[in-house]
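Spelled out from the first residue to the last, the chains are:
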Amino acid sequence: MAITLPLVLLTIDYLFDRKPFKGLLKEKIPFFILSSIFGLIAIYALNSGGVEAKGSAPYFQSAFLSPIYGITFYVTKIFMPVKLACFYPYFGKGYLLFSIFFIGFLSIALTLATIFFAKYRRKIIFSAALFLIPLLPVLKVVYLGNSIVCDRYAYISSIGIFYCLAQVLNWAYKRNAKHAFLVQTTLLIILVLITGILSGLTWKQCATWKDGVSLWSNVINNYPSLPTAYNQRSNAFIEKAEFDRALTDLNRTISLDPDYFARDDKVGRATYFIKLAKIYCGLNRYEEAIGLLRQQIKNDQQCRYKYYDYLAKVYALAGKREEAISVLKNAIDTDPQRKLEYYHSLGIIYQETGNYAEAINAYDIVIKINPDYPEAFYALGLIHQDMGKTDDAILFYNRAISSGSDNENTYNNLAAIYLFAQNYKETIILLKKAIELNPDSAAAYSNLGGAYCAIGKNKEAIRCLKRALKLNPSFASAHNNLGITYYSQKQYDLAIEHLDFALKLGFKVSPGFLKMVAPYRGHGEAKGAR
């Protein structure tokens, strides 16, 4: 909505009858400049992303009918906030016809209101303008993105409608009518009821944003024939490793719209087959995944690089690493334009098998092709760290960072080396960056807690370690570090509790430290960990 901010400010100036108009325009120049910048960024982002609406109407239809459709949708949802969702279907020609009549009626009503209520004309125009102006970028007068409508677009616009309603209610409340007390009491009761109902609906709607499954399940419950919702929920099920349910939703997507993945181009079709292969792997149906991908390599030359890369991953997941290596070598010969991606995948497989020499050779080729490829430098850092060559590992991790790595593990692994070397200042800086990149990194919080504990900042250490355990309650290392921190705080019961929990999880707690806490065991081992 930043794009329309200058116009919104001008409508406020209009409401308060600020003058002169030239002066108002002059003071808004910085806002118009910022608005233009944000607008260009939005257009560039959409164009570079290749956004194209599936089944979109011809431009003349969109430019004329989409605004009518959108305005009707937002007005009705503001007054009847039911069946709210993060994604809406196109409601069809019947709704569009209703929208045309509704906008016609609304236009006539506003025109008559400005004529017969001249005293309030400025407020009426202001309310209408404040509703309409923030919606201009999303009414499809100019095509920007593939969402027809979205709830968040109406947040600012709704102020215009509620301002108008507030003025009407204020007028009714202050009238010196014969039954003023009854009118005022009735208005207050209605207002309290509406506030209560809307608060309840808001609370209920918040629950739908718990995770991806609940979010898209809400869409499906409201609009059960929307293929996009099933496709997105299948993605959420994959993230939760519920592959059988993901397969059911993916099949439902295709049954609702057989051309859903193939409408735009072959890339969409490749997305479908790779996703299906991923689900097969999650269900341990590796042979089906392999057969599917090999068939697509024959059928789809344009996207075969995607299939080659994922086929190698499937072989690796199935424990057939020699076959995975063979697939990638064949891919390098048949599709040399994608050598960088293939050699990177080849390096990963060699690395996983412990063949570090071949892995290093593959990553060196990647770097020759692209000297600023952070993933290769990160992998080389990991290999040298595993080999105990920490000085070389530090160099490679720093090269990854200077090449623009946004992988929190790059910072976390480098921090672990500095932590072992007792360079706590650098450790803390790196771990804070890792957490900035991924606020849900339990490992980064655990290491940061260990660093704070080492320099005596126990409160900060406990806060970080508790955060790590909230993210991953079975993180044994964090339990161990928290036990050590509590011991230094002389909170022996809590120290024993977390150390015992770390032992149950298989962590090798220092025998010497266990001897130190042994005298404080007064009532046996704790059963859980807080």
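Residues numbered from 1 in each chain as written. Predicted model: local features only at pLDDT ≥ 70, side-chain atom pairs only at ≥ 80, totals over all residues. Heavy atoms only, no water.

**Observations regarding the overall build of the chain**
If you tally the helices and strands in the chain, you get 26 helices and zero strands. Radius of gyration (C-alpha) of the chain: 31 Å, far over the 24 Å computed for a compact globule of 530 residues. C-alpha atoms of the chain, sized along the principal axes, occupy 85 × 70 × 50 Å. For the chain, contacts bridging at least 24 residues in sequence account for 55% of all contacts bridging at least 6. Per element, the accessible surface of the chain, about 30000 Å² overall, is 61% carbon and sulfur. (Helix = DSSP H or I, 4+ residues; strand = E, 2+ residues; numbered from the N terminus. Rg over C-alpha atoms; globule rule 2.2 N^0.38 Å. Contact = heavy atoms within 4.5 Å. Areas by Shrake-Rupley, 256 points an atom, 1.4 Å probe, with all protein chains shown as cover.)

**Notes on the packing of helix α13 (residues 286–299) against helix α14 (residues 304–317)**
Following both chains from N to C, one finds α13 and α14 inclined at 160°, their axes separated by 9 Å at the closest point. When the axes of α13 and α14 are compared, the pair comes out roughly antiparallel. Note on packing geometry: the crossing formed by α13 with α14 is left-handed. Contacts between α13 and α14 involve Tyr286, Ala289, Ile290, Leu293, Arg294, Gln296 and Ile297 from the former and Arg304, Tyr307, Tyr308, Tyr310, Leu311, Val314, Tyr315 and Leu317 from the latter. (Axes fitted to C-alpha atoms, helices over the stretch in contact; angles between N-to-C directions. Parallel < 35°, antiparallel > 145°, perpendicular 65-115°, else oblique. Left-handed = near helix turned anticlockwise from the far one by under 90°.)

**Considering the environment of Pro89**
Locating Pro89 in the fold gives a position in the loop between α4 (59–79) and α5 (93–116). Look at Pro89 and you get buried, because its relative accessible area is 16%. In this structure, the C-alpha to C-alpha distance between Pro89 and Ser127, residues 38 residues apart in sequence, is 29 Å. With residues up to four places along the chain from it excluded, the contact list for Pro89 reads Tyr69, Tyr223 and Leu226. (Buried < 20%, exposed > 50% of the residue type's maximum accessible area, 1.4 Å probe, protein only.)

**Describing helix α19 (residues 390–402)**
With 13 residues, α19 extends 18 Å from end C-alpha to end C-alpha; this agrees with the ideal 18 Å at 1.5 Å per step. By the burial criterion, the buried members of α19 are Ala393, Ile394, Tyr397 and Ala400. Relative to the axis of α19, the buried residues are bounded by an arc of 125° and lie together on one face. Set apart from the buried face of α19 by more than 90 degrees, the exposed residues are Asp391, Leu395 and Ser402. Where α19 is buried, its residues touch α18 (374–386) and α20 (408–420). Immediately downstream of α19, the backbone of Gly404 shows phi near 95°, a positive value. (Expected span 1.5 Å × (residues − 1). Arc of directions from axis to C-beta.)

**Here's the deal with the packing of aromatic side chains**
On inspection of all chains with the given rule, the structure shows 22 aromatic pairs. Seen in terms of ring centroids, Tyr69 and Tyr95 are 5.3 Å apart; in terms of plane orientation they differ by 65°. Their pairing is edge-to-face. Of this pair, Tyr69 sits in helix α4 while Tyr95 sits in helix α5, placing them 26 residues apart in sequence. You can call Tyr69 buried: its relative accessible area is 2%. (Phe/Tyr/Trp six-rings, centres within 6.5 Å; stacked < 30°, edge-to-face > 60°.)

**Some thoughts on the nonpolar core**
The biggest cluster of nonpolar side chains holds 97 residues, and the ones touching the most others in it are Leu293 and Tyr307. Contact partners of Tyr307, with chain neighbours within four places excluded, come to Arg269, Ala270, Phe273, Ile274, Leu293, Gln296, Ile297 and Asp300. Ranked by size, the runner-up nonpolar core spans 31 residues in total, among them Ile68, Ile78, Val138 and Ala154. (Core = buried A, V, L, I, M, F, W, Y, C linked by side-chain atoms within 4.5 Å.)

**Quick notes on the confidence of the model for the chain**
As a general rule, the predicted coordinates of low-pLDDT regions are not to be interpreted in detail. Of the residues in the chain, 90% have a pLDDT of 70 or more, and the chain-wide mean is 87. Scored below 50 in pLDDT, residues 48–60 makes 15 contacts in the model with residues more than four places away or belonging to other chains. pLDDT under 50 marks residues 523–529. Its contacts with residues more than four places away, or in other chains, come to 11 contacts. (pLDDT = per-residue confidence, 0-100.)

**Points about the pattern of salt bridges**
Taken as a whole, this structure holds 16 salt bridges when the rule is applied. Its salt-bridge partner being Arg18, residue Asp13 comes within 2.9 Å of it at the nearest N-O pair. When its relative accessible area of 41% is taken as the criterion, Arg18 is described as partly exposed. A salt bridge links Arg467 to Asp440; the shortest N-O distance between them is 3.8 Å. (Salt bridge = Lys/Arg side-chain N within 4 Å of Asp/Glu carboxyl O.)

**Re the side chain of Lys77**
With respect to the helices and strands, Lys77 occurs in helix α4. Although Lys77 is buried, it forms no salt bridge, and the closest oppositely charged side chain is Asp151 at an N-O distance of 6.5 Å. Looking at Lys77, its side chain comes within polar contact range of the main-chain oxygen of Val82, at 2.6 Å. (Lys, Arg positive; Asp, Glu negative; His and termini not counted. Polar contact = N/O pair within 3.5 Å; in protein donor to acceptor, adjacent residues only side chain to side chain.)

**Some remarks on α14**
With 14 residues, α14 should reach 20 Å at 1.5 Å per residue; the first-to-last C-alpha distance of 20 Å fits that figure. With respect to burial, α14 is a largely interior element, 10 of its 14 residues being buried. Among the residues of α14, Arg304, Tyr307, Tyr308, Asp309, Tyr310, Leu311, Ala312, Val314, Tyr315 and Ala316 are the ones counted as buried.

**Structural notes on unusual backbone geometry**
A negative phi holds for most residues other than glycine; trans holds for most peptide bonds. Unlike most non-glycine residues, Gln422 shows phi in positive territory, near 65°. Its location among the elements puts Gln422 in the loop between α20 and α21 (424–437).

**Some remarks on the packing of helix α23 (residues 458–471) against helix α24 (residues 476–488)**
It is the contact of α23 with α24, at a shortest axis distance of 10 Å, that shows an interaxial angle of 155°. Between α23 and α24, the angle is such that the two are roughly antiparallel. Relative to α24, α23 is oriented so that their crossing is left-handed. Each of Asn458, Ala461, Ile462, Leu465, Lys466, Ala468 and Leu469 in α23 lies in contact with α24, whose residues at this interface are Ala478, His479, Asn481, Leu482, Thr485, Tyr486 and Ser488. For the contact of α23 with α24, the residue count by class is eight nonpolar, five polar and one charged. (Nonpolar A, V, L, I, M, F, W, Y, C, P; charged D, E, K, R; others polar.)

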